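# Tertiary structure, described
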Amino acid sequence: MTCVSSIYRVAVLGSLGVGKSLLINQFTSSEPLGTLQECSSDSDADGVSIMVVLNEQETMLQFMDKQEDVTAATDILPEAYMVVYSCTCRVSFKAAVQICQHLKEHVQTDKSVILVANKADLARRREVESDEGRRAAFRYECKYIETSAALGLNVDELLVGVLSQIKLNLHPE
Ligand code: GDP
Ligand code: MG
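## Examining the overall build of the protein chain
- Per the secondary structure count, the protein chain includes five helices and seven strands.
- Along the protein chain, helices (α) and strands (β) appear in the sequence β-α-β-β-β-α-β-α-β-α-β-α when read from the amino end.
- Out of the 173 residues in the protein chain, the part that is buried amounts to 39%.
- A fraction of 70% describes how many contacts in the protein chain between residues 6 or more apart in sequence connect residues 24 or more apart.

Here you go:
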């Protein structure tokens, strides 16, 4: 039997259709990579729980993919927020920026916020350039990453990044 040392919740926010469900689904089949040595998952009413072993420490990450509404998400007190948009959809980028702004103004600053530019594989349909995403992330003190849930691009890095941010915020060096 495995003994889980910590459980962290991650709220996954962003417009409909940007790839939140596919990203979370890809986490569950994440390949071992670098420091990510083990990964197993379990789906239930609370969301998708993923066991991650990072630097020989076991952690359960619980991804909650229910709220489209950021104001509803702030009373569940997750340890981190993944704010997802599609770089093929400017409207979803604007929505993501609004969410980041809301989190910065209304949520405790010790929460990790990661701005995720998904669908990076659809280069010809791109409407939001990387620089714009990076600048928005900088303005709202978020991390920024580009992913393709469809191709599995940067998906492991996002999973490890979320966990590293949570740990860094809980135990600043
Ligand atoms: P959600 O509403 O945010 O949960 O979005 P979904 O995960 O349901 O994805 C919406 C649609 O976009 C689905 O048809 C996915 O297959 C597609 N999709 C999601 N991520 C990507 C991606 O990175 N690249 C491409 N090309 N399609 C994606
Ligand atoms: Mg979904």
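## What about the pairing of strand E3 (residues 47-54)?
- Pairing geometry for E3 and strand E4 (residues 57-64), over seven bridges, is antiparallel. When the sheet's bridge partners are listed, isoleucine 50 is paired in E4 with leucine 61.
- The antiparallel pairing of E3 with E4 creates a hairpin that spans two residues between the two strands, and asparagine 55 there sits at a positive phi of about 50°.

## Points about the site of ligand 1
- Near ligand 1 there are 14 residues, and of these Gly19, Lys20, Ser21, Leu22 and Ala150 occur at the shortest range.
- Ranked by residues supplied to the shell around ligand 1, first place goes to helix H1 (residues 20-28) with three residues.

Cut-off values and rules
Residues numbered from 1 in each chain as written. Chains lettered and ligands numbered in written order. Predicted model: local features only at pLDDT ≥ 70, side-chain atom pairs only at ≥ 80, totals over all residues. Helix = DSSP H or I, 4+ residues; strand = E, 2+ residues; numbered from the N terminus. Buried ≥ 20, exposed ≤ 12 C-beta atoms within 10 Å, placed from the backbone. Contact = placed C-beta atoms within 7 Å. Pairing = 2+ DSSP bridges. Near = placed C-beta within 6 Å.

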